[in-house]
Amino acid sequence: MRDATSDAARGVRQQEVVEALHSVLPADAVLYTPEDTTPYECDGLTAYRQRPLCVVLPETEAQVQAVLRTCHALRVPVVARGAGTGLSGGAMPHAEGVTLSLARFNRILEIDPVSRTARVQCGVRNLAISEAAAPHGLYYAPDPSSQIACTIGGNVAENSGGVHCLKYGLTLHNVLEVRGYTIEGEPVRFGGGALDTPGIDLLPLVVGSEGMLAVTLEVRVKLVPKPQLGRCIMASFDDVRKAGDAVAAVIAAGIIPAGLEMMDGPMTAAVEDFVHAGYDLSAAAILLCESDGTPEEVEEEIGRMSDVLRASGATAITVSRDEAQRLKFWSGRKNAFPASGRISPDYMCMDSTIPRKRLADILQAIAQMEEKYQLRCLNVFHAGDGNLHPLILFDANDPDQLHRCEQFGADILETSVAMGGTVTGEHGVGIEKLNSMCVQFSAAENAQMFALKAAFDSEGLLNPGKVIPTLHRCAEYGKMLVRSGKLSHPDLPRY
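These numbers were taken from a predicted model, which means no experiment stands behind them.

Conventions used here
Residues numbered from 1 in each chain as written. Predicted model: local features only at pLDDT ≥ 70, side-chain atom pairs only at ≥ 80, totals over all residues. Heavy atoms only, no water. Disulfide = S-S within 2.5 Å. Helix = DSSP H or I, 4+ residues; strand = E, 2+ residues; numbered from the N terminus. Buried < 20%, exposed > 50% of the residue type's maximum accessible area, 1.4 Å probe, protein only. Pairing = 2+ DSSP bridges. Phe/Tyr/Trp six-rings, centres within 6.5 Å; stacked < 30°, edge-to-face > 60°. Contact = heavy atoms within 4.5 Å. Axes fitted to C-alpha atoms, helices over the stretch in contact; angles between N-to-C directions. Expected span 1.5 Å × (residues − 1). Arc of directions from axis to C-beta. Salt bridge = Lys/Arg side-chain N within 4 Å of Asp/Glu carboxyl O. Parallel < 35°, antiparallel > 145°, perpendicular 65-115°, else oblique. Nonpolar A, V, L, I, M, F, W, Y, C, P; charged D, E, K, R; others polar. pLDDT = per-residue confidence, 0-100. Polar contact = N/O pair within 3.5 Å; in protein donor to acceptor, adjacent residues only side chain to side chain. Core = buried A, V, L, I, M, F, W, Y, C linked by side-chain atoms within 4.5 Å.

Applying the stated criterion to the full structure yields one disulfide. In this model C438 forms its disulfide with C474; the gap between the sulfur atoms is 2.1 Å. Every disulfide takes its handedness from the sign of the S-S torsion; for C438 and C474 that torsion is -80°, giving left-handed. With C438 in helix α15 (residues 434–440) and C474 in helix α17 (residues 471–484), this pair connects stretches of sequence that are 36 residues apart.

In structure tokens form, the structure reads like this:
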């Protein structure tokens, strides 16, 4: 039963906040009824939902600044939101806070083909940058699978990657400047148009900060020339260990492919049924290895990669014959998530990173976890840099399945740490991985992260309750691990 007193107090607080925001925004830019705020209750991590006090949709920087100053004065939490495609709950609203939608900041401000840069507002879609730069023979390299919908502001928040991040880098390596506002409404700029900027380099700090330090409104990104040619190898393996070892062998040979992706057999079957990309359904795992550059460079690199893959045990190798087939190969990989959604009511996509040489080990560990938790898991990897994306299939309408799914996901993350990896690669921590952060980082390390946040947001109002776990939370998680038999002593994690 809901607490009537709490509901009444929330109603009073909501009225106070809405009235204050109406004084700085048009009436239609402030949403507060349940039917208007429910669409904002979660991001791509749909297992967790929460309606905010209200949602605001400013159109100008002056309005954003006014919203932030108003919320700071009222001590109201603020959660910035782009397209809501994130997968870790980073944009899930705060129950007593304001969701700041930046969807209307969707203009490409400048394409500079001479400096090979683009200056865009935070709500511009990732793919739209490449579309705007195409007439100049340029494009924006980071290409998350959600690039048709995800925004550059969200990419900055999560330090997103994509299938070509092995060669071209993550968002961090392709952004020159980020401009926005602090929670107090003060303008702030990270980086600049030049290769170096005065003072301490804080750009790597804001990229991947998950909306906890400042609200991003404008981003200057690097553009790169479109390759003359791209060709993709589909290599089949009859054993996942051979496929995992082949990834390490390609890199050990001194080859840095434009893309190097891996899918296990169950994922390949799900994708092929959806996209009909021409994948080998008899394989236990397939690798997609792409080369781009001049025709001469591509021919030489494709030959070298094919030799390494054969020596690693590939049972079949297919090289894309033309651009249409290359795009078809990649369309399968980029539709792995929706393909999984076709065969399960819900899925939880995990995101961790391990050393490349441990790919086969983590796949075997995940297979054992499927038996342990009695849930299926489809596996797809940014194999070249060891970034895992296991998709755990479950039904969110079954509380027991959701609980087992959460345990399964935590087990994957903690196993990744034990193998020398980390709990996140490109999806962020959000709310999903708070417990796993307790395993990876010590109390002193978390305290330093809190101190850094306090330097920008002393009141803790920007995206609170995300990313950095409290000492109390980690202590409780340690006790839970002891009760479950996973640990013999509560101090065995980093706490």
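Next up on the list: the pairing of strand β10 (residues 215–222). Counting buried positions along β10 gives seven out of eight residues, so the element sits mostly inside the fold. One ladder, built from six bridges, connects strand β8 (residues 175–181) with β10; its direction is antiparallel. Counted as the bridge partner of V175 is V221 from β10.

Take the packing of aromatic side chains next. Using the criterion set out here, one finds four aromatic pairs in the structure. Centroid distance F190 to F456: 6.2 Å. Interplanar angle 35°. Geometry classified as tilted. Here F190 is found in strand β9 (residues 187–191), whereas its partner F456 is found in helix α16 (residues 443–456), with 266 residues between them in sequence. The class for F456 is buried, based on a relative accessible area of 17%. Each ring, one from Y373 and one from F408, has its centre 5.4 Å from the other, and the planes form 20°; the classification is stacked. On the criterion of sequence distance, the pair formed by Y373 in helix α13 (residues 359–373) and F408 in helix α14 (residues 399–418) is long-range, its members being 35 residues apart. The pair formed by Y373 and F408 is uniform in burial state, with each residue classed as buried.

Right, let's get into the sheet that holds strand β2 (residues 54–56). Pairing is mixed across the open sheet formed by four strands, whose spatial order is β1-β2-β4-β3. With one partner strand each, in any of the chains shown, β1 (30–31) and β3 (78–81) form the two edges of the open sheet. When β2 meets strand β4 (residues 98–101), the two strands line up parallel, connected through three bridges. Directly across from V55, in β4, lies its bridge partner T99. Along the sheet, helix α1 (residues 4–22) makes contact with β1, β2 and β4, crossing β2 at roughly 15°. Sitting on the sheet, helix α3 (residues 61–74) is in contact with β2, β3 and β4, with an inclination near 165° to β4.

Its 14 residues place the ends of α16 21 Å apart at the C-alpha level, agreeing with the 20 Å of an ideal helix rising 1.5 Å per residue. Buried within α16 are the following residues: N446, K453 and F456. Viewed along the axis of α16, the buried residues span an arc of 70°, placing them on a single side of the element. Among the exposed residues of α16, those pointing more than 90 degrees away from its buried face are A444, Q448 and A455. Packed against the buried residues of α16 are β9, α7 (203–206) and α17.

This next bit is on the pattern of salt bridges. Within this structure, the stated rule accounts for 28 salt bridges. Among the salt bridges present, the one from K242 reaches D238, with a minimum N-O distance of 3.2 Å. What makes K242 partly exposed here is its relative accessible area of 34%. The class of D238 is partly exposed, set by a relative accessible area of 47%. Overlapping salt bridges, with partners in common, bring together E61, E110, R119, R179 and E218 in one network.

With their axes 7 Å apart at the nearest point, helix α8 (residues 240–252) and α13 run at an angle of 150° to one another. As judged from the angle between their axes, α8 and α13 are roughly antiparallel. When α8 is examined against α13, the residues V240, R241, G244 and V247 are found in contact with a partner set consisting of L359, A360, D361, L363 and Q364. Looking at the contact of α8 with α13, its residues break down into five nonpolar, two polar and two charged.

Let us now look at the sheet that holds strand β5 (residues 108–112). Strand order across the open sheet formed by five strands is β5-β6-β10-β8-β9, with antiparallel pairing between neighbours. Edge positions in the open sheet fall to β5 and β9, since each of these has one partner strand only. Neighbour-to-neighbour, the strand axes of this sheet turn through a mean angle of 10°, independent of strand direction. Running over the sheet, helix α4 (residues 126–133) touches β5, β6 (117–121) and β10 and is turned about 45° from β5.

With that settled, the discussion passes to the confidence of the model for the protein. Mean pLDDT over the protein: 94, with 97% of residues reaching 70 or higher. Per-residue pLDDT stays below 50 along residues 489–495; that stretch engages in 22 contacts with residues further than four places along the chain or on separate chains.

The next thing to look at is the pairing of β4. The alternating pattern of β4 places V98 and L100 on one face and T99 and S101 on the opposite face, and all of these are buried. As paired strands, β3 and β4 are joined by four bridges and run parallel to one another. Along β4, the bridge assignment pairs A80 with L100.

Attention shifts here to the side chain of Q14. Within the secondary structure layout, Q14 lies in helix α1. On the basis of relative accessibility, which here comes to 18%, the residue Q14 falls in the buried class. At 3.2 Å, the side chain of Q14 and the backbone oxygen of Y32 are in polar contact. A distance of 2.7 Å separates a polar atom in the side chain of Q14 from the backbone oxygen of L53. Those residues in contact with Q14, other than ones at most four positions away along the chain, are Y32 and L53.

Turning to the nonpolar core, a few remarks are in order. Ranked by size, the top nonpolar core spans 53 residues in total, and within it F237, M262, L287, L309, F381, I392 and F408 carry the most contacts. If you tally residues by element for this core, the top one is α13, at seven residues. When near neighbours in sequence (up to four residues on either side) are disregarded, L309 contacts I233, A235, F237, A246, V250, L287, C289, A314 and I317. Residues V18, L53, C122 and V215 belong to the second largest nonpolar core, which totals 26 residues.

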